Amino acid sequence: MPQDKVAQEDIQRRTAIDRSARFPVLFFITSAAAWLAVAVILGFVQQMKLHSPAFLDAPSLFFLNYGRSNPAFMSALVYGWAIQAGIGVVIWLMARLCRAEVKNPITLIVAGHFWNLGVLIGVLGILTGHGTSIEWLAFPKAVWPILCGAFSLIVIWLITMFHRRQDKEVYISVWYILGACFWFPWIFITANLFIHIFPGSAVAKAATNAWFMGSMIYLVLVPIGLACAYYLIPKIIGRPVHSAQLGYYGFWGLAVFGGWTGIQKFMGGPLPAWMPAVSGAAVIFILIPVFIIVVNQLKTVRGNQSAVNSSPALRFTLAGISFFIIYCVFSALSSFLAIGKFTQISLTSMGTQILVVYGFFSMTIFGAIYFMVPRLTGTEWPNLKRINSHFILSIYAMGTLLIMHYFGGVWQSGAYGKFDAPLENAVSAGKPYAIGASVAWAFIVLANLNFFLNLISILLRSGRREIVSKFVGHQESSG
Amino acid sequence: MSEQQENRDYDHKQSVRDCASIANHQTEENLKLQEGNESFPVWLLIVCVVILIVGGSYVGANSGGFEFSNNNKSGYEPSVPAGLSGLAPELSELEKYVKGGEAVYRAVCNGCHQATGAGQGQIPPLVESEWIINGTERFSQIVLNGIRGPITVKGASYGAQEMPAQKGVLNDKQIAQVMTYVRSKFGNVSDSVVTKEMVESARQKFGARPNQYTSRELSPEDAMLPGDQPEWLAPEEPEPSPEPAPEGESAQINSGSRTHASLNSKTT
């Protein structure tokens, strides 16, 4: 049968691609998972320190105080885990979508080593007290050129891969991947230049930092996450993406509005009023592409409830999409001063960052990892229960964190607003919620323990024996 | 190879593939990703337009005319919330002197006279002492030059200890502050301020004395220091009677006692 033959060729092609991608992708995924372990432990510690500074308080553990563990946690989460895992998934997606085998994996490995070196120096630097205390740019000043150099190697590799593509059509995921790989260097270099090398006034630095965070979210994390979602959903469901037109508008809407966001964080602050106003409007306008994208993806899923229930990858992806829309709607609401005054400078701000980095981005990446790693190693996930508890605990933890950070933030900001009451009232108003968030962090640690155990055992198994699987195209199945 | 054999290495009942069994059992993965041709739904277009309108009006309302110098939205009037003046609370003249005097007292007088003003051993108490309540002139003499020899305070006699002169340690303002503080805290004189100017004139008159006073050498009990009394001290006597500078001892006593009388009439 010719159709079977096409399918068989397709499987073989895919298998060859997966084999060639195996080493670099698994390198990025495993080192990212190691950083995730560091990040969730530091995350739990910093959350405990927020309400009970006596937790783990010994002279030898001086580096765990809140002022160090908090930026170390956030930096390890964003640079060590999120971007690194993103790179790993992107390499595989790019190889699959360009239908070309990975060449020059050594470039990727070198870039990965330098990236990890940079993150390691950065996190240790923060813990030993050399951090810059700038949100998401807390690494010591010397680190960013290393990260930048490593990432540019990856960009060069991705562009080369794009040129070698065997498929004339450029799928929507590739747009997002190429977008993110150009946007990240632009955002990262600009922010570091204008904060570390040519610092303007303190106000300008703060505005640059706010813009950096907004753009990192909307132009780097969101595109990579959406690239995974656009790949996995149609792949697993087995039907085309609902509408090419919606995909087109969604992408360009994000590209147009994403770079304007962030500064709404400083509304009412000592900036020219138009800066937060423009950013706030961009966050509102960005709901347009977000709704378009989400409608497009949900319409692709529609009617396949059983698929969602049975596929871990799909479940993680859809949970990520749900947190994504919660994040975007919430950001848009917060850009109105009436709501924003409660969310600007309270517990909520940290909760929002965790929502987008863990709730949206990491969940989507987990989905991609659950889909990808068995195909790369030729082994099934050893324990399905662990996948389920990873999912359920993550959802519980994110739900609890959302409630704790948002309600706690509102409560705390209300107390901040009472100018005739002592500041201590505001601190103690947030305390019960901070304790609640610690419980959620314990859930996150547990959830990811399942993930690590699963990942370690799948990697070790695959090292021990080759298993003939349908993932690796095997000829006999053509019966 | 059968499914059974394939799954033989897995220690759980269900493989991931059984779960994700949707699409294409044979190849596990669907072939090629495609994009559909559905058109843009109208309701989504309407939602988008609504968002555009909301966002546009948001910029208009908050941008403050896109001027660099403007960090408020247009039409914003800075105002102070009810109950917040934005200023430190107003202190009366007396409160300011008392506040400064407390610091001076702690630094200089505390050691002997105690924070409570109770004195200790041969050091006489300040609390309700007639030497601080009555004449400010002799009080200033004691502070400026110190005192030695026998002295009777509240019926008890002291005198084994000397009080050193403070004129070299404290300036006029500090002496004025500490005198006001002691009179207000320990003497309950809450309506009289010993001003800096009064101490200035006292220093001119008594400051040249080389040694300490004895209690008999001090000015009489009702002699008050002349000087700029704050206006609020004598509201009942609007004529401040600015007496010319050359004034005799009697004139001083006179004006002093008059003020003192008026103070007494106010307190009673």
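Predicted model only: the values in this text are computed from it and were never measured.

A. Representation of the overall build of chain A. Helix and strand counts for chain A come out as 15 helices and zero strands. For chain A, whose C-alpha radius of gyration is 22 Å, the value lies close to the compact-globule estimate of 23 Å for 479 residues. In chain A, which comprises 479 residues, the proportion classed as buried is 62%. Residue pairs at least 24 apart in sequence account for 85% of intrachain contacts in chain A once pairs closer than 6 positions are excluded. Summed over its atoms, the accessible surface of chain A is roughly 17,500 Å², and 69% of this surface lies on carbon and sulfur atoms. For chain A, the distance from the average site of its 31 positive side-chain charges to the average site of its 14 negative ones is 2 Å.

B. Representation of unusual backbone geometry within the structure. With a phi angle near 65 degrees, Trp136 of chain A is a residue other than glycine that sits in the positive phi range. With respect to the helices and strands, Trp136 of chain A occurs in the loop between α3 (105-127) and α4 (144-163). For Trp136 of chain A, a relative accessible area of 3% translates into the label buried. In this model, Lys154 of chain B sits at a positive phi of 50 degrees, which is unusual for a non-glycine residue. Turning to its location among the elements, Lys154 of chain B is positioned in the loop between β2 (151-153) and β3 (156-158). Since its relative accessible area comes to 47%, Lys154 of chain B is described here as partly exposed.

C. Summary view of the side chain of Asp18 of chain A. Residue and element names in this part refer to chain A. Looking at the secondary structure, you find Asp18 in helix α1 (residues 2-51). One polar contact links Asp18 to Arg96, side chain to side chain, over a distance of 2.9 Å. For Asp18, the contacting residues outside a window of four places in its chain are Trp92, Arg96, Arg375 and Leu376.

D. The environment of Asp18 of chain A, seen in detail. Taking the relative accessible area as the measure of exposure, Asp18 of chain A reaches 3% and is therefore buried. Here the alpha-carbon distance between Asp18 of chain A and Leu376 of chain A, two residues 358 residues apart in the chain, equals 5.5 Å.

E. Broad picture of a nonpolar patch on the surface. On the surface, a nonpolar cluster with roughly 430 Å² of combined accessible area is contributed by Ile106, Val110, Phe114, Leu117 and Ile121 of chain A. Of note, Val110 of chain A is situated in helix α3.

Reading guide: rules and limits
- Residue positions are given per chain, counted from 1 along the sequence in the order it is written.
- All chains are assigned letters beginning at A, and all ligands numbers beginning at 1, according to the order in which they are written.
- Only residues with pLDDT of 70 or above have their local features reported here, since the model is predicted, and side-chain atom pairs are shown and tallied only from 80 upward, although totals for entire chains, interfaces and linings are computed over all residues.
- With hydrogens and water excluded, all non-hydrogen atoms of the structure serve as input to the side-chain values.
- Helix and strand assignments follow DSSP, with helices taken as H or I runs no shorter than four residues and strands as E runs no shorter than two, numbered in order from the N terminus.
- For this measure, only C-alpha atoms enter the radius of gyration; the expected value for a globule follows 2.2 Å times N^0.38, where N is the number of residues.
- The classification of residues rests on relative accessible area computed with a 1.4 Å probe and restricted to protein chains. Under 20% of the type maximum is buried, over 50% is exposed, and intermediate values are partly exposed.
- Contacts are assigned to residue pairs with any non-hydrogen atoms lying within 4.5 Å of each other.
- In short, Shrake-Rupley with a 1.4 Å probe defines the accessible areas, and a residue's cover is counted only from the protein chains shown.
- Asp and Glu count as negative and Lys and Arg as positive, but His and the ends of the chain are not part of the count.
- For charged residues, the charge sits on one atom: NZ in Lys, CZ in Arg, CG in Asp, CD in Glu.
- As used in this structure description, the phrase polar contact means that two N or O atoms lie within 3.5 Å; if the pair is within protein, one of them must be able to donate a hydrogen and the other to accept it, and residues adjacent in sequence are counted only when both atoms belong to side chains.
- Each patch is built from residues that are more than 30% exposed by relative accessible area and take part in no salt bridge. Like charges join if they lie within 9 Å; nonpolar side chains (Val, Leu, Ile, Met, Phe, Trp, Tyr) join within 5 Å.
- Salt bridge, as used here: a side-chain nitrogen of Lys or Arg that lies within 4 Å of a carboxyl oxygen of Asp or Glu.

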